[in-house]
Amino acid sequence: MTANSPIGYWEAFSVGLLPIAIALALFPWLDRKNVVTRSILIGVCIFLGWRYMLWRIIDTLPPVGLTVDFGLGVLFTALEFLAMIGATISMFFLTRTRSRTAEADRNVAWLKSLKKPPLVDVLICTYNEEAAILERTIIGALGIDYPNYRVWICDDGHRPWLKRMCERNGCGYITRDGNQNAKAGNINNALTYLSTLPERPEFISILDADFVAKSKLLERTVALMRDPDVGVVQTPQHFYNADPIQRNLSLSGVWPDEQRFFFDVVMASKDAWGGAFCCGTSSLLRFAPLMQIGKFPTDSVTEDYLVTLRLATIGYRTIYLNEPLSLGLAPEGLKEYVTQRSRWALGFIQICRGPSGPFSLTSRAPLLMRVMLIETFLYWSATHAFRLLGILVPAAFLLLGIQAVYAHVPNGIYHLLPYLTAQIAVMSWMTNSRILPIMGDLAQLLVANDIAKSVIVGLFKPQGHKFKVTAKGGDRTKRFIQWPMLRVFLAYLGLTVAGLVWAFVLSDDTTRTDASAIALYWSWYNIIILVLACFVCVEAPQYGAGQRFRSSGRAILTIGGRKYSYDVSDISVAGLRVRGALPDVADTSVHVSYDGLDVDGKIVRGYADGFAIAFANSREAKERVVRHVYGGQYGGKLPDISPGNIVTAMLNRVLR
C-alpha cells in the first residue's frame, strides 16, 4: 500500500486510536522512572513521528514549479521537518530521568560533620523592583538555616532607600557606577568586590530580587558540592503567584504554571544525561572556577546557560536538584511573560552564533551539550515559526486558494493520528499530565510572534542588545487589555473565520475537496487556540496583599485569655483564614499559634463558614510570617490535573 493509496475512514481511525487503547490498558501498570519502559514508549513515538514526517515529505508537497503553492508548501514542510528534528532530540533525552534527593540526604550528614562549613555569599540581584518585593526577599534570605553565609544586595538601580533597608536588616549592599552588561555585569561587579575581602567565599548563591529562599536552600545545595568537579547546583523555580495563562483563563488550582514541565521533567532528564545547566536564580556556583573563566559571560543575555558551557570547558559539571527550595514571582502580566521568553530566545540565538555555539570550531564544549544547543535552537526558531504558519496555511487556502498541503483526509488521519495519540498518551503519562493538547500550543502561540522577531534579530545581529528586565510589582488591581497582542490574535482569528465563511458560505463552488475538509478541521482547531489567546490578552485583576496558600491543621487562637481551636483553610503573608463560628466581633485582637508560627493579629471579617485574621504589621511579625509562608512547606506542589477540570475552567472563563 502506498502512502496516498485509498484508505477508508474506519481503517484510518482504528489505526490512529490504537495507541489510546494500548495506553489505557498498560500505562496504569508501568513505572514512569524505568529507563527501559521510557525508552520503548518514546521509541514508538519517534517511529510514528518520522512515519508521518516521511509521508509529508514524499506525498503531500504541491507539484514542483515556480508557484506560490510549491513555495509555501516547501517552507511549511521544511519548518515542520526541523521542528520534528528538535522534538526527536527532546524525546530522546526524556528516556532517562534522575533525582538527586537521596544523594543530597546522604551528603547533608557529611556537611554537618564539618567543623566549619564552606562560606557562601548569597547575591540578590536587583534593578527596579519595589520595596515590598525586596524586603520579602531579604527577610527570606536572612532566615536561611545555614551556619556560614553572608547576604549581599547587588543594586543596579542606585537607590539610597535600598541601602538603608540593607543597613536596617543587617545585610551587605553592593552597587556600581552605571549598569553595563545588565545582570551579568551586576553579578561580576559583586564577584570582584568579594574577591577583595579578607575571607573569600567558596560558593555563591544567586537569587533574583523576587525569589524568597526556603530555609534549606544552602544546606541542600552545598551538600551536593561534595564532589570537587561540581561547578553548579541548580534548583527549580517555583512561583507563589499564577502566571498569565493560569490567571487569565481561570486555571489556578487546576493547571500548573507553564514552567513546571521544564523544571520537573526536562531538567531532571537533562541531568540524567549530564546536560543540566544553570538557570540563574536559585543556583549555587563554585567561586574559584567561576573566577577562572572570567566570571559570568557577557556575550549573551542568557548568561546563566553560557556559564555552564564555559565551566564545562574547564572540567566542571552542572547538576540539578529537583526540590522546591525557593519561591518566586512569575511574570505578573502577559507583556512581562512575553518579554521574558523573548529574552531567553534571543540569548540562546546569541550563544549559537557565538564562540560557544554548537558548530563553533573554537568551542571546547562536549558533544552532548552541542546537541542540546541544537535542540534548543530548533525549539525557539523552527517550532514557533511552524506554529505561526499553522495559523496562516489553512486561511491562505480557504481565502486565496493557496494549497500548501496535498493530501486525502483518510490518508492524513492514517499517518498523523497515530503519532498524535501516541505522543499525547505517552507524554501525559510520563509527565503526570504536565503536557496536554491545546495548552502547549496555546503557550507557544502567545509568544510566537515575538520569538520570531528575537530569532531573526539574533541571527543577523547577535550583539549589541540591551537586557530587557521583566517588570514586577505595580498596581494590578484593575482589568487591563494587552491591545497590541490582542489585535494580532484578532487579526489571525478574523482571517481564519473569514476563510471558513468564504469557502463554505459565500463561495458558489459547491465542490468540497479533501483539501477543503482538512482546512476546515484545521481552522476549527486554530479558532479554539486563538479564542483562548484573545482571552489571555485580557488581564484579570489581582487582589490581596499576598498569594494565599491552601493549608490544613488546627490553629490555636488566644482571645482575651481564652483559647480556641480552629481548622485552617489558607494562609498568606497578610493573614490566616479558618473554618468555624466567629468567637467574637470583628476588629478583636487575637494571638495565633499555628504550625510553629506565633504572631499577633486581629479578626477582620467573617464568612458563612469561617472568618479571616489579619496579621500584625510590626517588623517582628512580618519577619516571622514571611519566613513561615515562603520559607516553609508551602508552594512547589503540583495541582491535581484533570482534563475535565481544565476544560470546565476555560469554558467558565470564556462564557461568563
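Residues numbered from 1 in each chain as written. Predicted model: local features only at pLDDT ≥ 70, side-chain atom pairs only at ≥ 80, totals over all residues. Heavy atoms only, no water.

Draft legend 1. Here's a closer look at the overall build of the protein chain. Scanning the protein chain from terminus to terminus reveals 20 helices and 19 strands. Taken over C-alpha atoms, the radius of gyration comes to 27 Å for the protein chain, in line with the 26 Å a tight globule of 656 residues would show. Its C-alpha atoms give the protein chain principal-axis dimensions of about 80 × 65 × 50 Å. The buried share of the protein chain, taken over its 656 residues, is 55%. Taking contacts inside the protein chain between residues at least 6 apart in sequence as the whole, the part at least 24 apart equals 78%. Where the 66 positive side-chain charges of the protein chain centre and where its 53 negative ones centre are 3 Å apart. (Helix = DSSP H or I, 4+ residues; strand = E, 2+ residues; numbered from the N terminus. Rg over C-alpha atoms; globule rule 2.2 N^0.38 Å. Buried < 20%, exposed > 50% of the residue type's maximum accessible area, 1.4 Å probe, protein only. Contact = heavy atoms within 4.5 Å. Lys, Arg positive; Asp, Glu negative; His and termini not counted. Charge placed at Lys NZ, Arg CZ, Asp CG, Glu CD.)

Draft legend 2. Quick look at the pairing of strand β8 (residues 283–286). The two faces of β8 match: Ser283 and Leu285 on one face and Leu284 and Arg286 on the other face are all buried. Taken together, the 4 bridges between strand β4 (residues 203–208) and β8 define a ladder with antiparallel strand orientation. Residue pairing for β8: Ser205 is matched across the bridge by Leu284. Sheet topology note: the strand β6 (residues 230–234)/β8 ladder contains 3 bridges and is antiparallel. Each residue of the ladder has a partner; that of Val233, found in β8, is Leu284. (Pairing = 2+ DSSP bridges.)

Draft legend 3. Local environment of the nonpolar core. Core analysis: the largest hydrophobic core is formed by 64 residues, its most contacted members being Ile245, Leu251, Leu442, Phe489 and Ile646. Ignoring anything within four residues of it in the chain, the contact list for Phe489 reads Leu445, Leu446, Asn449, Leu530, Ala533, Cys534 and Cys537. Core analysis: the second largest hydrophobic core is formed by 37 residues, Val108, Leu217, Leu218 and Leu321 among them. (Core = buried A, V, L, I, M, F, W, Y, C linked by side-chain atoms within 4.5 Å.)

Draft legend 4. Examining the side chain of Thr431 more closely. Checked against the element boundaries, Thr431 lands in the loop between α15 (409–430) and α16 (439–460). Here the side chain of Thr431 touches Met427 through a polar contact of 2.5 Å, landing on its backbone oxygen. Residues within four places of Thr431 in sequence aside, it is in contact with Phe261 and Val265. (Polar contact = N/O pair within 3.5 Å; in protein donor to acceptor, adjacent residues only side chain to side chain.)

Draft legend 5. Structural detail: the pairing of β6. Across the 5 residues of β6, 5 count as buried, placing the element largely inside the fold. Alignment of β6 against strand β9 (residues 317–320), held across 4 bridges, turns out to be parallel. Bridging across to β9, Val233 finds its partner in Ile319.

Draft legend 6. Geometry of the sheet that holds strand β3 (residues 172–175). Strand order in the open sheet formed by 7 strands is β3-β2-β1-β4-β8-β6-β9, with mixed pairing between adjacent strands. Each having just a single partner strand, β3 and β9 make up the two edges of the open sheet. Mean inter-strand twist for the sheet, computed between neighbouring axes without regard to direction, equals 25 degrees. Packed onto the sheet, helix α5 (residues 131–142) meets β1 (120–126), β2 (149–155) and β4 and runs at close to 160 degrees relative to β2. Strands β1, β2, β3 and β4 of the sheet are contacted by helix α7 (residues 182–194), whose axis makes an angle of about 145 degrees with β1. (Axes fitted to C-alpha atoms, helices over the stretch in contact; angles between N-to-C directions.)

Draft legend 7. Region of the structure containing the environment of Gly606. Among the structural elements, Gly606 can be located in strand β18 (residues 597–606). Taking the C-alpha atoms as reference, Gly606 lies 52 Å from Asn181; in sequence the two are 425 residues apart.

Draft legend 8. The pattern of salt bridges, seen in detail. Following the criterion strictly, the structure yields 30 salt bridges and no others. Between Glu323 and Arg220 there is a salt bridge, with its nearest N and O atoms 2.7 Å apart. Of this pair, Glu323 sits in the loop between β9 and β10 (326–328) while Arg220 sits in helix α8 (residues 217–223); the two residues are 103 residues apart in sequence, bridging distant segments of the chain. On the basis of relative accessibility, which here comes to 11%, the residue Arg220 falls in the buried class. One salt bridge in this structure joins Asp567 and Arg554, with 2.7 Å as the shortest N-O distance. Of this pair, Asp567 sits in strand β15 (residues 562–571) while Arg554 sits in strand β14 (residues 554–559), and the two are 13 residues apart along the sequence. (Salt bridge = Lys/Arg side-chain N within 4 Å of Asp/Glu carboxyl O.)

Draft legend 9. Highlighting the packing of α16 against helix α17 (residues 483–506). Contact geometry of α16 with α17 gives a least axis separation of 11 Å together with a crossing angle of 110 degrees. Overall, the two elements α16 and α17 adopt an arrangement that is roughly perpendicular. Within the contact between the two elements, α16 uses Leu445, Leu446 and Asn449 and α17 uses Met485, Val488, Phe489 and Tyr492. Among the residues making up the contact of α16 with α17, the classes are represented as 6 nonpolar, 1 polar and no charged. (Parallel < 35°, antiparallel > 145°, perpendicular 65-115°, else oblique. Nonpolar A, V, L, I, M, F, W, Y, C, P; charged D, E, K, R; others polar.)

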